[in-house]
Amino acid sequence: MTEPDLVGLFVAPLETLGVDYMITGGVASVIYGDPRFTRDIDLVLELREGRAGALLDAFSPENFYRPPLDALREEIRRPRYGHFNIIHRDTALRADVYLLGNDPLHAWAFERRVRIPLEEDAAIWLAPPEYVVVRKLQYYQESGSDRHLRDVSAMLEISREKIDRLEVEVWTNRLGLEGAWRAARTFDR
């Protein structure tokens, strides 16, 4: 790896460990939509407490900030909203890691994640586009940042045949995101 990259730094160790994951957030929206620069990767992991130490061992403390083992175990025990970061010390590239827990949208997406081939024998697990759209709408509703609408708009245009709009509507109605969904469909990039 000549130049550090998000997949090489944060996903390759998960593949080696056999930890179930999916990529979401900005990296997924770039794959499904328009290219843009991002310095972080959002991951959803299915991680059991007994694997916490092995996960931390995959990211050496000399090269990465990672949470202490006790803090990671506490996050894993949360039924919902478990979260932690791993940061590459030399580049400040970051993984925002969300834990599967019992979040119904995470569970729905995990069952539908997509295996995307990379070069040679490598491949990654990507969240389904509907999940990425719904999460981007949540982020927009929470932050008001047009960046999320821009990402959704690009995904709807570029990956229109891959996105089940009815499924998106089910989740936006369920999560109270109807206004954000309307805004994304009419957003002018």
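Our structure is the block above this text.
Let me sum up the structure you'll find in this document. Computed from a predicted structure; not experimentally measured. (Residues numbered from 1 in each chain as written. Predicted model: local features only at pLDDT ≥ 70, side-chain atom pairs only at ≥ 80, totals over all residues. Heavy atoms only, no water.)

On to the environment of Glu130, then. You can see Glu130 is positioned in helix H6 (residues 129-143). Judged by relative accessible area, Glu130 falls into the buried class, the value being 9%. Put simply, Glu130 and Ile76 are 54 residues apart on the chain and 25 Å apart in space, counted from C-alpha to C-alpha. Those residues in contact with Glu130 that sit more than four places away from it in its chain are Trp108, Lys162, Ile163, Asp164, Glu167 and Val168. (Helix = DSSP H or I, 4+ residues; strand = E, 2+ residues; numbered from the N terminus. Buried < 20%, exposed > 50% of the residue type's maximum accessible area, 1.4 Å probe, protein only. Contact = heavy atoms within 4.5 Å.)

Taken as a whole, the largest pocket encloses approximately 350 Å³ of empty space. Along its surface, the largest pocket is lined by 19 residues, and Tyr81, Asp103, His106, Arg135 and Gln138 are the ones closest to its centre. Counting residues per element, the lining of the largest pocket draws most heavily on H6, at five residues. Looking at the lining of the largest pocket residue by residue, the classes come out as ten nonpolar, five polar and four charged. (1 Å grid on protein atoms, 1.4 Å probe; cavity = no way out; pocket = protein on both sides within 12 Å on 5 of 7 lines; lining within 4 Å. Points joined across faces, edges and corners; volume = space filled by probe spheres on them. Nonpolar A, V, L, I, M, F, W, Y, C, P; charged D, E, K, R; others polar.)

For strand E1 (residues 20-24), a buried count of four out of five residues is recorded, marking the element as mostly surrounded by other parts of the structure. Where E1 lies against strand E2 (residues 40-46), five bridges are found, and the strand directions are antiparallel. Within the sheet, the bridge partner assigned to Tyr21 lies in E2 and is Leu45. (Pairing = 2+ DSSP bridges.)

Considering the arrangement of structural elements, one finds Arg113 in the loop between helix H5 (104-111) and strand E6 (114-117). A distance of 2.7 Å separates a polar atom in the side chain of Arg113 from the backbone oxygen of Tyr21. Ignoring sequence-local partners within four residues, the contact set of Arg113 consists of Asp20, Tyr21, Met22, Trp125, Leu126 and Pro128. (Polar contact = N/O pair within 3.5 Å; in protein donor to acceptor, adjacent residues only side chain to side chain.)

Let's shift gears to the packing of H5 against H6. Relative orientation of the contacting elements H5 and H6 amounts to 155 degrees, with a least axis distance of 9 Å. Comparing the axis directions of H5 and H6 gives the class roughly antiparallel. From H5, Leu105, His106, Trp108 and Ala109 reach across to H6, where they touch Glu130, Tyr131, Val134 and Arg135. Looking at side-chain class alone, the contact of H5 with H6 contains five nonpolar, one polar and two charged residues. (Axes fitted to C-alpha atoms, helices over the stretch in contact; angles between N-to-C directions. Parallel < 35°, antiparallel > 145°, perpendicular 65-115°, else oblique.)

Looking now at the packing of aromatic side chains. On inspection of all chains with the given rule, the structure shows four aromatic pairs. Taken together, the ring pairs in this structure connect Phe10, Phe59 and Phe64 into an aromatic cluster. Its guanidinium or amino end placed over the ring of Phe110, Arg113 lies 4.8 Å from that ring's centre, counting from NZ or CZ. Stacked on the ring of Trp125, the Lys or Arg Arg113 has its end atom at 4.1 Å from the ring centre. (Phe/Tyr/Trp six-rings, centres within 6.5 Å; stacked < 30°, edge-to-face > 60°. Lys NZ or Arg CZ within 6 Å of the ring centre and 35° of its normal.)

With that settled, the discussion passes to unusual backbone geometry. Glycine aside, residues mostly have negative phi, and peptide bonds are mostly found in the trans state. For Tyr81, which is not glycine, the phi dihedral falls at a positive 70 degrees. Along the chain, Tyr81 turns up in the loop between helix H4 (69-77) and strand E4 (83-88).

Another point: empty space enclosed by the protein. Applying the stated criterion across every chain, the model contains one cavity of 30 Å³ or more. Considered as a void within the structure, the largest cavity measures approximately 30 Å³ in volume. Looking at the largest cavity, the residues that line it are Phe10, Leu14, Leu43, Leu45, Leu55, Phe59, Ile86, Ala95 and Val97. Secondary-structure elements contributing two or more residues to the lining of the largest cavity are helix H1 (6-17), E2 and strand E5 (94-99). Looking at the lining of the largest cavity, its residues break down into nine nonpolar, no polar and no charged.

Of the residues making up helix H9 (residues 178-186), those classed as buried are Ala180, Trp181 and Ala184. Taken end-on, H9 shows its buried residues confined to a sector of 100 degrees, consistent with a single buried face. The exposed set on the far side of H9, more than 90 degrees from its buried face, consists of Arg182 and Thr186. (Arc of directions from axis to C-beta.)

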